[in-house]
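# Observations on the model geometry
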2 protein chains.
Amino acid sequence: MRDIFTAELAALGEDLAAMSRLVESAIASAGTALLEADLALAETVIADDHTIDAVERDLDERCVALLAQQQPVAGDLRQVVSALRMSASLERMGDLARHVAEVARLRYPDKALPEPVTDLFRQMHDGAVRVSQEVTTVLETKDLELAGAIERDDDLLDTLHAQTFTAVLGEGGAPLTPQQTVDITLCGRYYERFGDHGVSVARRVVYLVTGDFADDRGTL
Amino acid sequence: MRDIFTAELAALGEDLAAMSRLVESAIASAGTALLEADLALAETVIADDHTIDAVERDLDERCVALLAQQQPVAGDLRQVVSALRMSASLERMGDLARHVAEVARLRYPDKALPEPVTDLFRQMHDGAVRVSQEVTTVLETKDLELAGAIERDDDLLDTLHAQTFTAVLGEGGAPLTPQQTVDITLCGRYYERFGDHGVSVARRVVYLVTGDFADDRGTL
């Protein structure tokens with residue numbers, strides 16, 4: 001029983017990392033679609049999101065089956081419940097990548113973002129791609145230093161998110177259309193939430209390794 | 001053991017309903033704060049959100065303790081895992097109410113919403129309050145007809161959310177300031193997400209009662 005459980009748990013961990021790689025690909029393509037008005041890439045992200053959803057369903061069913069069949073306690077139980085939570089966060093990160101791609105698709109053949117905020121969103125894109133890559137690696141390696149890097153990249157996304165408001169509200173510069181203001185507001189929010197979910201996954205990994213949970217959102 | 005489990009499960013159900021009543025109160029006050037520029041009410045919602053977070057932590061710990069100590073299977077296991085999921089949705093609904101209150105607080109003493117969209121947001125407010133009341137009742141009574149009402153109110157919130165874009169982008173009428181456009185965009189999104197989470201709770205109740213899950217998001 002113990003061997004089966006250990007093997008199943010290892011498989012869950014590998015599949016979470018694989019799910020995270022799908023999220024990496026989604027956010028990287030979504031950002032490129034947004035910045036370059038690349039319709040084909042946007043449509044790929046939108047079409048592929050169901051794959052991430054399917055992985056979440058599969059992981060969840062396996063977690064529940066593990067709970068039922070192996071009846072884990074203590075640290076083992078914590079790992080299975082954490083896997084349930086992490087798959088929910090990764091699924092949501094996939095949704096947010098899809099939302100970014102949807103904005104790109106809606107504005108095609110135009111670029112959704114006007115030139116003055118392009119650099120800002122390129123930085124958000126880079127930050128979000130880094131978060132997703134770091135999430136994959138922390139899931140694979142349990143390297144807690146990377147968890148710190150995710151927190152820092154999330155802080156950067158929060159700072160950049162605040163700058164989107166400055167850009168939208170700022171005096172001077174060419175005035176934005178209401179549509180541009182809406183798109184900047186929503187895309188900024190999507191990237192900010194993407195970082196939050198990345199941090200949430202990282203904190204669960206830290207908790208599983210150290211027993212410390214880094215914020216006040218509870219222990220599982 | 002069985003009696004203890006049944007009693008614990010009943011207590012979990014009651015506490016989820018109590019948590020939902022806190023969310024009801026939060027969204028009702030947040031919407032009034034937004035529509036009336038009521039600073040005190042906004043600050044109450046913001047300050048009280050930690051109570052909802054604390055209930056989530058407590059519920060989660062009890063769910064995990066139940067899994068460890070009672071090792072439920074089949075329908076019992078499904079109920080405990082569903083409780084974990086429902087408390088996460090309710091916690092998120094509390095966050096969204098807080099976000100609405102934060103917009104009200106940031107714009108005080110002004111009203112965040114300009115007059116032309118006041119009626120639209122009053123309808124969103126009414127819809128969100130209804131969703132939260134229906135969620136409480138469905139948790140208390142397991143009345144599946146109410147689950148249908150939640151789906152319909154969520155559809156209404158989606159329709160109203162689409163109308164916020166029309167209002168922001170529409171020709172004619174007084175032009176909005178960029179800040180108003182941002183606030184309308186974000187508040188519309190908060191209400192739309194609030195409805196989604198309400199539906200998520202309702203579908204889990206339906207699933208627990210009937211075994212049918214109403215969308216493709218998996219079974220637990």
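Rules of the game
- Residues numbered from 1 in each chain as written.
- Chains lettered and ligands numbered in written order.
- Predicted model: local features only at pLDDT ≥ 70, side-chain atom pairs only at ≥ 80, totals over all residues.
- Heavy atoms only, no water.
- Helix = DSSP H or I, 4+ residues; strand = E, 2+ residues; numbered from the N terminus.
- Buried < 20%, exposed > 50% of the residue type's maximum accessible area, 1.4 Å probe, protein only.
- Lys, Arg positive; Asp, Glu negative; His and termini not counted.
- Charge placed at Lys NZ, Arg CZ, Asp CG, Glu CD.
- Expected span 1.5 Å × (residues − 1).
- Core = buried A, V, L, I, M, F, W, Y, C linked by side-chain atoms within 4.5 Å.
- Contact = heavy atoms within 4.5 Å.
- Least-squares fit on C-alpha atoms with pLDDT ≥ 70 in both.
- Buried area = accessible area lost by both parts, 1.4 Å probe.
- Salt bridge = Lys/Arg side-chain N within 4 Å of Asp/Glu carboxyl O.
- Polar contact = N/O pair within 3.5 Å; in protein donor to acceptor, adjacent residues only side chain to side chain.
- Nonpolar A, V, L, I, M, F, W, Y, C, P; charged D, E, K, R; others polar.
- Axes fitted to C-alpha atoms, helices over the stretch in contact; angles between N-to-C directions.
- Parallel < 35°, antiparallel > 145°, perpendicular 65-115°, else oblique.
- Left-handed = near helix turned anticlockwise from the far one by under 90°.
- Phe/Tyr/Trp six-rings, centres within 6.5 Å; stacked < 30°, edge-to-face > 60°.
- Lys NZ or Arg CZ within 6 Å of the ring centre and 35° of its normal.
- UniProt positions renumbered as here; feature names shortened; annotations may be inferred.

What follows concerns the overall build of chain A. Along the backbone of chain A there are six helices and zero strands. N-terminal to C-terminal, the α/β element order of chain A is α-α-α-α-α-α. C-alpha extents for chain A along the principal axes are approximately 65 × 35 × 20 Å. Buried positions account for 53% of the 220 residues belonging to chain A. Looking at charge distribution, chain A has the averaged site of its 20 positive side-chain charges lying 3 Å from that of its 39 negative ones.

Another point: helix α1 (residues 2-36) of chain A. Across its 35 residues, α1 of chain A extends 51 Å between first and last C-alpha, which sits within 8% of the 51 Å expected from 1.5 Å per residue. Remark: A37 of chain A follows α1 of chain A within two positions and exhibits a positive phi of approximately 50 degrees.

Before going further, it helps to examine the nonpolar core. Judged by nonpolar contacts, the single largest core of 134 residues is most densely connected at L34 and F121 of chain A together with L34 and F121 of chain B. Excluding its chain neighbours within four sequence positions, the residues that come into contact with F121 of chain A are L34, L35, L113, T164, I184, C187, G188 and Y191 of chain A.

Before going further, it helps to examine the relation of the copies chain A and chain B. When chain A is fitted onto chain B, the two copies agree to an RMSD of 0.0 Å after a turn of 180 degrees and an axial shift of 0.0 Å. Read as a symmetry element, the transformation amounts to a two-fold axis. Across chain A, the rotation axis passes nearest the C-alpha of Q71 of chain A, at a separation of 2.8 Å. Same-surface contact between copies: 100% of interface residues of chain A are shared with the interface of chain B.

The subject of this paragraph is the interface of chain A and chain B. Taken together, the contacts link 35 residues of chain A with 35 residues of chain B. Summing the contributions of chain A and of chain B, the shared interface buries around 3,100 Å²; its carbon and sulfur component is 60%. Remark: the boundary between chain A and chain B carries two salt bridges. The salt bridge partner of R85 of chain A is D60 of chain B, with a shortest N-O separation of 2.6 Å. Along the contact surface separating chain A from chain B lie three residue pairs in polar contact (both at pLDDT 80 or more). Elements that contribute at least two residues to the side of chain A that touches chain B include exactly α2 (39-70), α3 (74-107), α5 (144-169) and α6 (178-210) of chain A. No other element matches α6 of chain A, which puts nine residues into the side of chain A that touches chain B. Taken together, the residues of the side of chain A that touches chain B break down into 17 nonpolar, seven polar and 11 charged.

Residue and element names in this part refer to chain B. Here helix α5 (residues 144-169) crosses helix α6 (residues 178-210) at 165 degrees, and the two axes come no closer than 9 Å. Comparing the axis directions of α5 and α6 gives the class roughly antiparallel. Relative to α6, the crossing made by α5 is left-handed. Of the residues assigned to the contact of α5 with α6, the class counts are 12 nonpolar, eight polar and seven charged.

With that settled, the discussion passes to helix α3 (residues 74-107) of chain B. In this model, α3 of chain B (34 residues) spans 50 Å end to end at C-alpha, consistent with the 50 Å of a helix rising 1.5 Å per residue. Taken across its 34 residues, α3 of chain B has 24 buried, putting it largely inside the fold.

This part is about the packing of aromatic side chains. Residues and elements named next belong to chain B. Across all of its chains, the model carries two aromatic pairs over all chains by this definition. Consider the rings of F121 and Y191, whose centres lie 6.3 Å apart with planes at 55 degrees: the pair is tilted. Of this pair, F121 sits in helix α4 (residues 115-141) while Y191 sits in helix α6, placing them 70 residues apart in sequence. On the basis of relative accessible area, F121 is assigned to the buried category, the value being 1%. The ring of Y207 carries R78 above its face, with NZ or CZ at 4.7 Å from the centroid.

UniProt marks residues 18-103 and 122-205 of chain A with the feature "domain: PhoU" (unreviewed entry), using the numbering shown here. Within the segment residues 18-103 of chain A, helix and strand shares are 94% and 0% respectively, and the terminal C-alpha atoms sit 26 Å apart.

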